[in-house]
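Take a look at the letters that make up each chain.
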Amino acid sequence: MSRPGWRGRGREWRPVAALLRAVETGRGAMVLVEGGSGMGKTQLLHKATEAAARTDIAVAHGTADELGRLAPLAPLATALDEPALTSLDPVPLSASPCAEAADLRLSLVERLRALLEERVGQGPMLITLDDLHWADPTTQLVLRSLLPELTSYPLGWILARTSGIGDPGVEGLYDLLEREGAGRVVLGPLDDLAVAEIATDTFGAPPGPDVLRLAAAAEGNPFLLVELLRRCELDGAVEIAAGSARLTSTARVQVSARSPLVSLSASTRQLLQVAGILGRSFSVDDLAEMLGEPLDGLLPGLAEAVRAGIIVPAVDRLTFRHDLLWQAVTDMISEPVRTALQRQAGCMLLQRGAVVPAAAHFMRCARVGDTRALDALDRAARAVLPYSPPSAVDLAVRALELTDPAASDLLVRTATAVEALTAAGRLAEAVECARTALRRAPPGPWTDRMRCELTSILLQSGRAAEAVAEAEDLLARPGLGDEVRGLTELAVFQGLLGLHDFGRGRARANAVLADRAGHRDTALVGALLLSAHIAWEEARAADAFRDVHEAIRIATTGSVAARRAHPRLFLVYCLFGVGRHAEAERVIRAAAADFEAYGPTSHIASPAFFRACLSLAIGRPDDAAAEAEAGLEAAEEVGAYAYALLGLAVLAIVELRRGNVEAAAQHIERIAAKQRAAHGPMYGSVWSAWAGALVGEAQAGPGRAMETLGSCYADTRKRRWMLMLEPNAAAWMTRTALATGRRSAAENTVETARQIAHDNPGFPALAAAAAHAHGILHGDATALAQATAHHSDPWGAASAAEDLGVLLIAGAADGVSSGARKAAIARFDEAADGYLKIGALRDAARARARLRNLGVRRRHWSYADRPGTGWESLTDTERSVATLVAQGLTNRQVATQMFLSPHTVSFHLRQVFRKLGITSRVELARNAAEQPAQDPAANTGP
């Protein structure tokens, strides 16, 4: 370990050495480094990159910067040499707050994923990121999202941060990555032995007691120790006598990061102070412009600073050798001078068009009414808003603080702040900011637009009644502009949907649709969506599909504002209800593309939740669980919980089918907690009630389920809504009611299902659901056979087969004919096999128990026979993922081909690695090549 200060760090180096070995052999690994300033974190990263460079591992290094925290992904863009990642396109400033902000954070995650997969496809790679305590929120998001998912690649990450300063969110990032398997290295003070060894290396002889006493003043800090020893050496303060190093009688040495600065000329210190204002890393051109000198005039001072070890070259820039040196230089600047220099730097960068870096300086130095600073803050806030809403909030709120209350641009600036706060999920602050501005602003077009935006924020906050009241009051104002009127009418429709107030909504929707030429596309979309909801609730499926398809057509061909209603999401709901899964898949793809391109924060995680529901419906429980978890993680990252209930319900049902009743109940508890703490609309409450009833029945019997679905049994409207959303509910509710002796409740359920099927003859899934419920109530074997054959949901089909088997052996066991017994066995076999194919182990166990009651024991079940490890242990999905990855496809390419999210592909790949006992894609390719050719259809497992 030749680097100064690295004596005694062997234990800390071992995790890094293990990481390099893993990457070199095709595996991913992570190491998290932390410690106080000067403890050797940067030295550790340098040593790691040097070691990697001696192998075939490509190296990328980036550093976060306190002045660069406003620029999304700056450290990663620098490391990967991809400036396009941070080339932000500012949204034009506008007085209108009515355009919904796009949230492109998850799009950035996917761009980084594709870029990294491409890079590591060319060979192993090490990425080191230093000073992550200054990491911007989007960099933290990317690291949280991608690092755990890219462990199958030969990609190593070493992240370093200084403890106790910077963004506290980085501590959470470290904790998460440690749970995902990252090694953690904490660099503390050097021990006495290491201090003595470093002194010996420095002086060429063991240190005497006086040198050790002096060295102790560094308190084991490697940076300060090395600086102290260097100063001793340069000043001739140490002599070698009798084989040891000892202080001379004239030694006057202090431990300080400023020590190297003392011997510099005054002009060089001045040069460094100006350089320090530009940041720890700086451009020589910028420095020359700041000082007003030609480049050749800077050469003597820069050369002196390099010789003194204050600054070092860093590609096309210069950088202070250590953060402590940078701090020491900037601490020497008085506050008035610092403020003036920062403003000068901001003006220089703004003139060059570097808006975000300029704003970072103006954040620190601007005063109220500083027009140039405010211009920079405005433009920077608009530029970073789609990529880092939290940073946009910092900029926009600071701009408001610096704006004179009488300034003409106060209203435009307020609109930006409201938009940023909304995109960042700080809805209560957005409402307060908007209302404060409305109290001060005179009536006019701007206040109309801001009130319109306020209705949207109230809707996102789950305050639908307030939103409707605000919108209706605004609509009553004479002279309201057409654009604002259309958006406000849309808000009314969305609010009435949230309140489920279809009585008020029907008349309003009919009036708008009767006068289409007199209304904006936004109002038309809102009216059509509310009309579609009413039709669906009234079990008029064809009418609902007609209206929602028309809403989608208008939303996708009209104004951007018309897309705020997101009609595709309701279409997916409807398609699930009638079992049109292939069409639902296409619509989810289209919705996901929209959200990735311009999606708002509130719905950005929605596609993952709908993919989870789809995977559950078609019998892919592992995919369903992985997609649900991916959606919940995305929702947590960006504060978007609109459809989180769907994800939790999916997880509950998956765990229940697997037989993990306790785990399923925990997800139901999470649903209740989310509903109690909801800070916005929570869609999917009916379906989550369905999941709660399933789990309640498993925990405490059918009585608990009846309590959970009490309103659906008692209210025809709610019962019809449930049966239209969940195809399996009719039969299950009928069976549950009969089990509790509530025949009238069962009859009502069957009648509602019959009426739905009768009124919707073009939807076979509704007919199958009605036949299933009818067969249970009336003991109709023909109806149950019809349901078994025509259910769109494989779990529903297996359930119908089981119900038919129960019917065939109904009555006393001794009275069952041999023909009925044989037919019942066939149906129970069919049910058990169907359950097993979709991983419904709890239901399969029940079907096997029914077979045992008939004296039949089945030993050769495809799921049970599958081994726990090896190629034959892989499920169909795992085998498909493994095969495609072994062919060289990236996780994203596999995801596109299999209609999964990259997160889900990563989940399956981890399962494959675990079952095969491997740790890299190289090993997977080798393992796959050794497998005999096999018909994929031969694997019948889930």
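Here, the structure is the one placed above.
**Q** Looking at this model, I keep getting lost on the sheet that holds strand β9 (residues 311–314). Mind explaining?
**A** Each strand in a sheet pairs with its neighbour through backbone hydrogen bonds, running either in the same direction (parallel) or in the opposite one (antiparallel). Taken together, three strands build an open sheet; the order of strands is β8-β10-β9 and the sheet is antiparallel. Pairing within the sheet leaves two strands with one partner each, and these edge strands are β8 (281–282) and β9. Looking at chain direction, β8 and strand β10 (residues 317–320) are connected through two bridges and run antiparallel. Looking across to β10, one finds that S281 is bridged to T319.

**Q** What is the right way to look at the environment of V512 in this model?
**A** Residue placement: V512 occurs in helix α24 (residues 502–514). Not counting chain neighbours up to four residues away, the residues in contact with V512 comprise F493, H519, A523, L524 and A527.

**Q** Is there a simple way to think about the pairing of strand β1 (residues 29–35) in this case?
**A** For a regular strand, side chains alternate in direction, first toward one face of the sheet and then toward the other. By the criterion of burial, β1 is predominantly enclosed, with seven of the seven residues buried. In β1, alternate side chains face the same way, and those of A29, V31, V33 and G35 on one face and M30, L32 and E34 on the other are all buried. Pairing of β1 with strand β4 (residues 155–162) involves seven bridges; the strand directions are parallel. Note that in β4 the partner of V33 across the bridge is A160. Bridge analysis of β1 against strand β5 (residues 183–187) gives five bridges, and the strand direction is parallel. Within β5, the position partnered with L32 by the bridge is R184.

**Q** How do you make sense of the sheet that holds β4 when you look at a structure like this?
**A** Spatial ordering of the open sheet is given by β2-β3-β4-β1-β5, a layout of five strands whose pairing is parallel. Each end of this open sheet is capped by a strand with a single partner; those strands are β2 (58–63) and β5. This sheet shows a mean twist of 15° between the axes of neighbouring strands, independent of strand direction. Sheet strands in contact with helix α2 (residues 41–53) are β1, β2, β3 (125–130), β4 and β5, and its direction is about 165° off that of β3.

**Q** Mind showing me how you'd approach the pattern of salt bridges here?
**A** Should their charged atoms come close, side chains of opposite charge can pair. In total, this model carries 61 salt bridges according to the counting rule given. The salt bridge partner of E538 is R506, with a shortest N-O separation of 2.4 Å. Taken together, the residues span a long stretch of sequence, with E538 in the loop between α25 (521–537) and α26 (541–557) and R506 in helix α24 at a distance of 32 residues. On the basis of relative accessibility, which here comes to 34%, the residue R506 falls in the partly exposed class. Within the structure, one salt-bridge network assembled from shared partners comprises E34, R161, E171, D175, E178 and R184.

**Q** Can you walk me through the nonpolar core in this structure?
**A** The tendency in soluble globular proteins is for nonpolar side chains to be buried as a group. Grouped together as the largest cluster of nonpolar side chains are 269 residues, with contacts concentrated most on W157, L159, L272 and W536. Contact partners of W157, with chain neighbours within four places excluded, come to L19, A29, M30, V31, L76, L116, L126, I127, L129, L143 and L147. With 22 residues, the next largest nonpolar core counts L44, A48, A52 and L187 among its residues.

Reading the values: the criteria
Residues numbered from 1 in each chain as written. Predicted model: local features only at pLDDT ≥ 70, side-chain atom pairs only at ≥ 80, totals over all residues. Heavy atoms only, no water. Pairing = 2+ DSSP bridges. Helix = DSSP H or I, 4+ residues; strand = E, 2+ residues; numbered from the N terminus. Contact = heavy atoms within 4.5 Å. Buried < 20%, exposed > 50% of the residue type's maximum accessible area, 1.4 Å probe, protein only. Axes fitted to C-alpha atoms, helices over the stretch in contact; angles between N-to-C directions. Salt bridge = Lys/Arg side-chain N within 4 Å of Asp/Glu carboxyl O. Core = buried A, V, L, I, M, F, W, Y, C linked by side-chain atoms within 4.5 Å.

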